[in-house]
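# Structural overview for review
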Amino acid sequence: SQMGPIIHLLGEQTPDDLLQLYFSAARGELGQNDTELGHQCVYNLPGIALTLGPKRWPELRPCFEHLANDINWKTRRTLALALPEIAKAMGPQITAADLMPVYASLSRDLDEVKTAALDQLAAIVGCLDPENREDKDLLALIVDVSLEPDSWRFRWILAKQLSALFASLPSSTFEFDLVPVLCRLLRDPIAAVRSAAASQVGGCDFVQ
């Protein structure tokens, strides 16, 4: 559990043996039947990603992918919360190619994981290059959440991020995607969702 802070502290001076030990732990290769080990590894993943940088992503990617499929939902939830920090460390190209597919999967996970992923929606969009922010799957996710029938809390989480999404997404997405989502949430049957959407209107660029 102390490997992550030590690696982050040592930075480029980290002994390769210590890095390899973390990689093995994160990939579940230590032969320990410990559901908390993955959770400990993912908790330290943003700091290690910042330490290693994008050049060493090929080494870190198998750990990331293993943790994204960890049997412990707490590990997947923590990864969802950590994605923006990992994205900042790795840069927009890796974010678009490798992080966004995992984000999409986590946003369809158990409610506890999905909540964490949706909380980071605007933050992860902000880590993409502008040309990747018009991704059809990303826009479909936003629309789908605004139509979420099973839990109003997901719609509420989306509503709270509308002004940030308007600021991050290209204007070409407004007419057919974001504006209909905003209007839908302003008419939501749940008062908390309507209130959250209304609080965002003044910050939406198309109004200003």
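Note: the structure precedes this text.
The structure displayed is predicted, hence computed values, not measured ones.

## Description of the overall build of the protein chain
Looking only at helices and strands, the protein chain has 13 helices and zero strands in total. The helix and strand sequence of the protein chain, counted from the amino end, reads α-α-α-α-α-α-α-α-α-α-α-α-α. Counting every position in the protein chain, which comprises 208 residues, the buried fraction comes to 47%. By sequence separation, contacts in the protein chain at least 24 residues apart represent 66% of the contacts at least 6 residues apart.

## Observations concerning the packing of aromatic side chains
Tallying each qualifying case throughout the model produces two aromatic pairs. With a centroid separation of 6.4 Å and 65° between ring planes, the pair formed by Tyr22 and Phe23 is classed as edge-to-face. With respect to burial, Tyr22 and Phe23 carry one shared label: buried. Seen from the ring of Phe154, Lys114 lies directly overhead, with NZ or CZ sitting 4.4 Å from the centre. Positioned above the aromatic ring of Trp156, the side-chain terminus of Lys160 is 3.9 Å from the ring centre.

Rules of the game
- Residues numbered from 1 in each chain as written.
- Predicted model: local features only at pLDDT ≥ 70, side-chain atom pairs only at ≥ 80, totals over all residues.
- Heavy atoms only, no water.
- Helix = DSSP H or I, 4+ residues; strand = E, 2+ residues; numbered from the N terminus.
- Buried < 20%, exposed > 50% of the residue type's maximum accessible area, 1.4 Å probe, protein only.
- Contact = heavy atoms within 4.5 Å.
- Phe/Tyr/Trp six-rings, centres within 6.5 Å; stacked < 30°, edge-to-face > 60°.
- Lys NZ or Arg CZ within 6 Å of the ring centre and 35° of its normal.

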